[in-house]
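# Coordinates in review
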Amino acid sequence: MTDKYSVYSDFDVQKHKKHFVDYLEVIIHPDGSVHYAVPSHQEYLIRYLCRKRRITREQLAQRCPRSYYGDFMTWLCMQSGCLCVWSSLIRGVSLTHAQVKTLDKLKAEGVLHLDMTDPDPYRFREERNACAY
C-alpha cells in the first residue's frame, strides 16, 4: 500500500518532511494544532471564521473595518487567533503558549527556517504584523 500524503491530509511533521522539501504553508490554531493552508492562508481563515461564527462570507466581509481593507489577512488573524506560517515567515497578531510550543517544534524538526539570531524570533513587528526573521 502506498503512503498517500498531501496538503489535504492531516498535518504530520514526519510525513511532511518525507514528502515535501523546503515547503511549509500552514495555519496554527490558538490551541497549537497545525493545518495545511489549503487552498491559501486567506481562504482557509475565511472558511474557518465563517464556520466558527456560523456566518456567510459576505457577513464576515461586512464586519471588516475599513482600516483593514488593505490588510485583510491581519484582520483575519486577529479575529481567529490563528497564525499564518510559511517556511521562513510567520504572520499573525499575537501568540499563545501552545502556538509558541508548536513553532519551536517545527523549527526543531527543520521545516521552519526563522532567523534564530534574533533574541525574540517570534516578536511581531507592529507596522506589518509579520514575525521578525
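Since the model is a prediction, treat every value here as computed from it, not as a measurement. (Residues numbered from 1 in each chain as written. Predicted model: local features only at pLDDT ≥ 70, side-chain atom pairs only at ≥ 80, totals over all residues. Heavy atoms only, no water.)

### What to know about the sheet that holds strand β2 (residues 34-36)
The 4 strands are arranged β2-β1-β3-β4 in an open sheet whose pairing can be described as antiparallel. Every other strand in the sheet has two partners, leaving β2 and β4 (89-91) as the edge strands with one partner each. Here the strands of the sheet are splayed against their neighbours by 25° on average, with no regard to which way each runs. When strand β3 (residues 83-86) meets β4, the two strands line up antiparallel, connected through 3 bridges. Residue pairing in the sheet places W86 in a bridge with L89 of β4. Running at roughly 155° to strand β1 (residues 25-28), helix α5 (residues 97-108) makes contact with β1, β2, β3 and β4 of the sheet. (Pairing = 2+ DSSP bridges. Helix = DSSP H or I, 4+ residues; strand = E, 2+ residues; numbered from the N terminus. Axes fitted to C-alpha atoms, helices over the stretch in contact; angles between N-to-C directions. Contact = heavy atoms within 4.5 Å.)

### Side note on the environment of G32
Tracing the chain through its elements places G32 in the loop between β1 and β2. For G32, a relative accessible area of 12% gives the class buried. Distance in space between the C-alpha atoms of G32 and L83 is 9.6 Å, their sequence separation being 51 residues. (Buried < 20%, exposed > 50% of the residue type's maximum accessible area, 1.4 Å probe, protein only.)

### Considerations on the state of the cysteines
A complete count under the given rule lists 0 disulfides for this structure. With no disulfide of its own, C77 has C84 as its nearest cysteine by sulfur position, at a separation of 3.8 Å. (Disulfide = S-S within 2.5 Å.)

### A short note on the packing of aromatic side chains
Enumeration according to the criterion identifies 7 aromatic pairs in this entry. Pairing F20 with Y23 gives two aromatic rings, centres 5.4 Å apart and planes at 45°, and the pair type is tilted. Residue Y23 is classed as partly exposed on the basis of its relative accessible area, which comes to 28%. Ring centres of F72 and W75 lie 5.8 Å apart, and the angle between their planes is 15°; on these two criteria the pair is classed as stacked. (Phe/Tyr/Trp six-rings, centres within 6.5 Å; stacked < 30°, edge-to-face > 60°.)

### Let's talk about unusual backbone geometry
Of the consecutive residues V38 and P39, the connecting peptide bond is found in the cis state with omega at 5°. With respect to the helices and strands, P39 occurs in the loop between β2 and α2 (41-53). With phi around 50°, D22 is a residue other than glycine that occupies positive phi space. Considering the arrangement of structural elements, one finds D22 in the loop between α1 (13-19) and β1.

Spatial relationships are all this shows, so hold off on functional conclusions.
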